[in-house]
Amino acid sequence: MTITIDRRIYNDSVISKALYWLSGDYLIERSLSDNNTESVTITANSATDISETELETRLMQTLNDFKLRQIVADETRDIKTILYAKAFAEDEDLSEEDIHD
């Protein structure tokens, strides 16, 4: 089965993480069709009773899951940085401006 993935929607990190979850049961081959499109060929390693439609659904759910995780990580990066800095700083008056300077 070959699936085409739009790299403008899912970046390389998201695609790699999603495909990693399938790599135990499937042989996965990735190739770039152009700058915005990646073709993924998936072949079962052993006998499996999952249909191509179910496999595609599983892959798309996993891609969306990792995409959402990436969005949350990006949106909370500054907050995490501030919390880490405050947790390990000797100066309790540390502000966000001090971190970004």
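**A few points about the environment of Leu-27**
So, point 1. When you line up the elements, Leu-27 lands in strand 2 (residues 26-34).
So, point 2. With 19 residues separating them in the primary sequence, Leu-27 and Ser-46 have C-alpha atoms 9.6 Å apart.
So, point 3. When residues no more than four places from it in sequence are discounted, the contact partners of Leu-27 are Thr-41, Ile-42, Thr-43 and Asn-45.

**Examining the nonpolar core**
So, point 1. Ranked by internal contacts, the top residues of the largest apolar core, which has 15 residues, are Ile-5, Leu-22, Ile-42, Leu-59 and Leu-63.
So, point 2. Contributing elements (two or more residues each) for this core: strand 1 (2-6), helix 1 (12-22), strand 3 (37-44) and helix 2 (52-88).
So, point 3. Broken down by element, the residue count for this core peaks at five residues, all from helix 1.
So, point 4. If we skip the residues at most four places from it in the chain, Ile-5 touches Tyr-10, Ile-15, Asn-36, Thr-37, Glu-38, Val-40 and Leu-63.

**Section: the sheet that holds strand 3**
So, point 1. Spatially, 1-3-2 is the arrangement adopted by the three strands of the open sheet, whose pairing is antiparallel. Pairing within the sheet leaves two strands with one partner each, and these edge strands are strand 1 and strand 2. Recorded for the sheet is a direction-independent mean angle of 25 degrees between the axes of neighbouring strands.
So, point 2. Sheet analysis places strand 1 next to strand 3, joined by five bridges and oriented antiparallel. Note that in strand 3 the partner of Thr-4 across the bridge is Ser-39.
So, point 3. Where helix 1 meets the sheet, it contacts strand 1, strand 2 and strand 3, and its direction lies at approximately 160 degrees from that of strand 2.
So, point 4. Across the sheet, helix 2 touches strand 1, strand 2 and strand 3, and the angle it forms with strand 1 is around 25 degrees.

Conventions adopted
Residues numbered from 1 in each chain as written. Predicted model: local features only at pLDDT ≥ 70, side-chain atom pairs only at ≥ 80, totals over all residues. Heavy atoms only, no water. Helix = DSSP H or I, 4+ residues; strand = E, 2+ residues; numbered from the N terminus. Contact = heavy atoms within 4.5 Å. Core = buried A, V, L, I, M, F, W, Y, C linked by side-chain atoms within 4.5 Å. Buried < 20%, exposed > 50% of the residue type's maximum accessible area, 1.4 Å probe, protein only. Pairing = 2+ DSSP bridges. Axes fitted to C-alpha atoms, helices over the stretch in contact; angles between N-to-C directions.

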